[in-house]
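Tertiary structure, described
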Amino acid sequence: MIRLLLAEDQGMMRGALALLLNLEPDIDVVAEAGTAAEALRAALQTRPDVALLDIEMPDGSGLDVAAQLRQELPHCRTLILTTFGRPGYLRRAMEAGAAGFLVKDGPVEQLAAAVRRVLAGERVLDPALAAAALSAGPNPLTDRERDVLVTAADGATVADIATRLHLSESTVRNYLSAAIGKTGTRNRIEAAHRARANGWI
């Protein structure tokens, strides 16, 4: 049996996926989680063969969980399942050590087959998203520029961003200016929007 951890923040979707995957003769959903912290805790307790992770959860990202699992449970293969087919997410998932990346609009049989394939050592990628990621190119933003844009996205002032990230205001302005230039936008709100649309933040 393939021991599977399922992390999805929407309870109804999580329950439906667990029910459908448990109907597969060789898959056993051994743990379910609704947050990134729950997913990591459940993984360490149950030691699954495969972790099926949503990207956006209330307290963090499935991409962060994938990176932590690669360190703490290297035998566990991770498969990212998301509503958001953004090229930058695919690249970040691969950098985090994910073995697969699928968009949620496929049939459950395809998902079950993907679980089997990643456990067998294969990489499983949504083909349209893989093509888009190749054409989009790499993320041009540094880690700090991403942090500043994420903080700026909700309309925070330069002073607010500086306080939250423990940076000087001039440093924040420099990061914002660099991010605006790299995204080809006119201001920080547009830069954050474009970065989010591309999956860079």
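The following paragraphs examine the structure supplied in this document. The residue count restarts for each chain, going from 1 along the sequence in the order it is written. Per-residue local features are limited, in this predicted model, to residues with pLDDT of at least 70; the limit for side-chain atom pairs, both in listing and counting, is 80 or more; totals at the level of whole chains, interfaces and linings are taken over all residues. As a rule here, side-chain values come from all non-hydrogen atoms in the structure, and water together with hydrogens is ignored.

As for the environment of Leu-5
- Within the secondary structure layout, Leu-5 lies in strand 1 (residues 2–7).
- Think of it in three bands: residues with accessible area under 20% of the maximum for their type are buried, residues over 50% are exposed, and the middle band is partly exposed, with areas taken using a 1.4 Å probe on protein chains only. Overall, Leu-5 belongs to the buried group, its relative accessible area being 0%.
- C-alpha separation for the pair Leu-5 and Val-30, spaced 25 residues apart in sequence, amounts to 5.9 Å.
- Once residues lying within four places of it in the same chain are set aside, the contact partners of Leu-5 are Ala-31, Glu-32, Ala-39, Ala-42, Ala-43, Pro-48, Val-50, Ala-51 and Leu-52. Starting at the N terminus, helices and strands are each numbered in turn, a helix being any DSSP run of H or I of at least four residues and a strand any DSSP run of E of at least two. The contact definition used throughout considers only heavy atoms, calling two residues in contact when any of these lie within 4.5 Å.

Structural notes on the sheet that holds strand 8 (residues 124–125)
- Pairing between two strands requires that DSSP report at least two bridges joining them. Pairing within the open sheet is parallel, and its six strands lie in the order 2-1-3-6-7-8. Edge positions in the sheet fall to strand 2 (27–33) and strand 8, since each has one partner strand and no second.
- For strand 6 (residues 77–82) and strand 7 (residues 100–103), the ladder comprises four bridges, and the chain directions are parallel. For Thr-82, the partnering residue across the bridge sits in strand 7 and is Val-103.
- In the packing of helix 5 (residues 108–119) onto the sheet, contacts are made with strand 1, strand 2, strand 3 (50–53), strand 6, strand 7 and strand 8, and the angle to strand 6 comes to roughly 150 degrees. Working convention: axes come from line fits to C-alpha atoms, limited for helices to the stretch in contact. Angles between N-to-C directions cover 0 to 180 degrees.

Points about the packing of helix 7 (residues 143–152) against helix 9 (residues 169–183)
- The N-to-C vectors of helix 7 and helix 9 enclose an angle of 95 degrees; their axes lie 9 Å apart at closest approach. As the angle between them shows, helix 7 and helix 9 are arranged roughly perpendicular. Contacts from Arg-144, Glu-145, Val-148, Leu-149 and Ala-152 in helix 7 reach Val-172, Tyr-175, Leu-176, Ala-178, Ala-179 and Lys-182 in helix 9. Should an angle fall under 35 degrees it is called roughly parallel, over 145 degrees roughly antiparallel, and 65 to 115 degrees roughly perpendicular, with every other angle called oblique.

Describing helix 9
- Spanning 15 residues, helix 9 covers 21 Å between terminal C-alpha atoms, matching the ideal 21 Å at 1.5 Å per step.
- Among all positions in helix 9, only Val-172, Leu-176, Ala-179, Ile-180 and Thr-183 are buried. For helix 9, the arc enclosing every buried residue in end-on projection is 100 degrees, short of the 170-degree limit, so these residues lie on one face. Helix 9 presents Asn-174 and Gly-181 as exposed residues on the side facing more than 90 degrees away from its buried surface.
- The positive-phi residue at the C-terminal boundary of helix 9 is Gly-184, with phi of around 65 degrees. Working rule for helices: expected span equals 1.5 Å times residues minus one. By definition, the arc is the one covered by directions from the helix axis to the C-beta atoms.

Comments concerning the environment of Thr-78
- Position of Thr-78 relative to the elements: it lies in strand 6.
- Through-space distance from the C-alpha of Thr-78 to that of Gln-10 is 19 Å; in sequence the pair is 68 residues apart.
- Not counting chain neighbours up to four residues away, the residues in contact with Thr-78 comprise Ala-51, Leu-53, Ala-66, Leu-69, Gly-97, Ala-98, Ala-99 and Gly-100.

Overview of the layout of surface pockets
- Estimated volume of the largest pocket: approximately 310 Å³.
- Every residue lining the largest pocket is counted, 15 residues in all, and those nearest its centre are Ser-61, Arg-92, Val-150, Arg-196 and Ile-201.
- Top contributing element to the lining of the largest pocket by residue count: helix 7, with four residues.
- Ten residue types, Ala, Val, Leu, Ile, Met, Phe, Trp, Tyr, Cys and Pro, are classed as nonpolar, four, Asp, Glu, Lys and Arg, as charged, and the remainder, Gly among them, as polar. Considered class by class, the residues forming the lining of the largest pocket number six nonpolar, three polar and six charged. Two kinds of site are reported from a 1 Å grid over the protein atoms alone, namely cavities, where a 1.4 Å probe fits but cannot get out, and pockets, open sets with protein on both sides within 12 Å along at least five of seven lines, and residues are called lining when an atom falls within 4 Å of a point. Grid points are joined across faces, edges and corners, and a volume is the space filled by probe spheres set on the points.

Such coordinate-based values are descriptive only and should not be taken to indicate function.
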